[in-house]
Amino acid sequence: MPKLTLQTATVRIADFPGAGRLLTVQATCFGSPEACATARLSPRRHASVPEDGLWDIDLVCEDSAAGEATLCRRDVVFTGEADWCEGVRLHGPGGELEHRMDLFPPNRSIPNRPVGHLPDDTPVLPPPRPLATHVKRLVLDGLAAASVLAAFGLLPLALPASASEPARQAAILATDGPA
């Protein structure tokens, strides 16, 4: 049984204007408690941008971490700047995980389209509504709010006269008692 086994990985790339991309990788590994305690993600340093655009990252642990008594689970995280990165390839003793992302080109420019020519699948937006429609909606919303407030104002009139009514009648009968 290998010391560590890669189970799952989550990859996020945040693009900050003027600062480049920030890559965050969170991987779940299983293994002995000693191996999991020393586990870390170690990125490979590339001299030039890889052809496939994937950053190779190794899951490693200390050699002195030995033992296979019980299995343990641990999440390890790596964060680094990678303006060129389009995904990651995680290497571990138990296998390899690869995750690619669809991103804009490295210069972060949106592809240009000719003006006045939209693709066929572009949704058509309805024309803007006239101002009179907005005023009418505002008046109707005001009337609805006034109706709700009036209903709450009339609510006490719809309730029984008083919860103390029987007690008051008993007090009257006690004072008017037999003569």
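Quick note: structure is the one above.
Keep in mind that this is a model prediction, so the values were computed, not measured.

Rules used in this analysis
- Residues numbered from 1 in each chain as written.
- Predicted model: local features only at pLDDT ≥ 70, side-chain atom pairs only at ≥ 80, totals over all residues.
- Heavy atoms only, no water.
- Salt bridge = Lys/Arg side-chain N within 4 Å of Asp/Glu carboxyl O.
- Helix = DSSP H or I, 4+ residues; strand = E, 2+ residues; numbered from the N terminus.
- Buried < 20%, exposed > 50% of the residue type's maximum accessible area, 1.4 Å probe, protein only.
- Pairing = 2+ DSSP bridges.
- Axes fitted to C-alpha atoms, helices over the stretch in contact; angles between N-to-C directions.

Visitor: How would you summarise the pattern of salt bridges if you had to cite specific residues and measurements?
Guide: Close approach of charged atoms lets side chains of opposite charge pair. Per the counting criterion, the structure on display carries seven salt bridges. Taking the shortest distance from any N to any O, the salt bridge between Asp58 and Arg44 comes out at 2.9 Å. Placement of the pair is Asp58 in strand E4 (residues 54-60) and Arg44 in the loop between strand E3 (40-43) and E4, with a sequence separation of 14 residues. The partly exposed category is assigned to Arg44, whose relative accessible area is 35%. Of the charged contacts in the structure, one is a salt bridge between Arg100 and Glu98, with a shortest N-O distance of 3.1 Å.

Visitor: How would you explain the sheet that holds strand E6 (residues 87-92) if you had to name every residue and give the values?
Guide: Strand order in the open sheet formed by four strands is E3-E4-E6-E7, and the pairing between neighbours is mixed. Each of the sheet's edge strands pairs with one partner strand only, and the pair in question is E3 and strand E7 (95-100). Averaged over neighbouring strand pairs, the angle between their axes works out to 25 degrees when direction is ignored. By the bridge criterion, six bridges tie E6 to E7 in an arrangement that is antiparallel. Each residue of the ladder has a partner; that of Leu90, found in E7, is Leu97.

Functional significance is not addressed by these values, which are geometric in nature.
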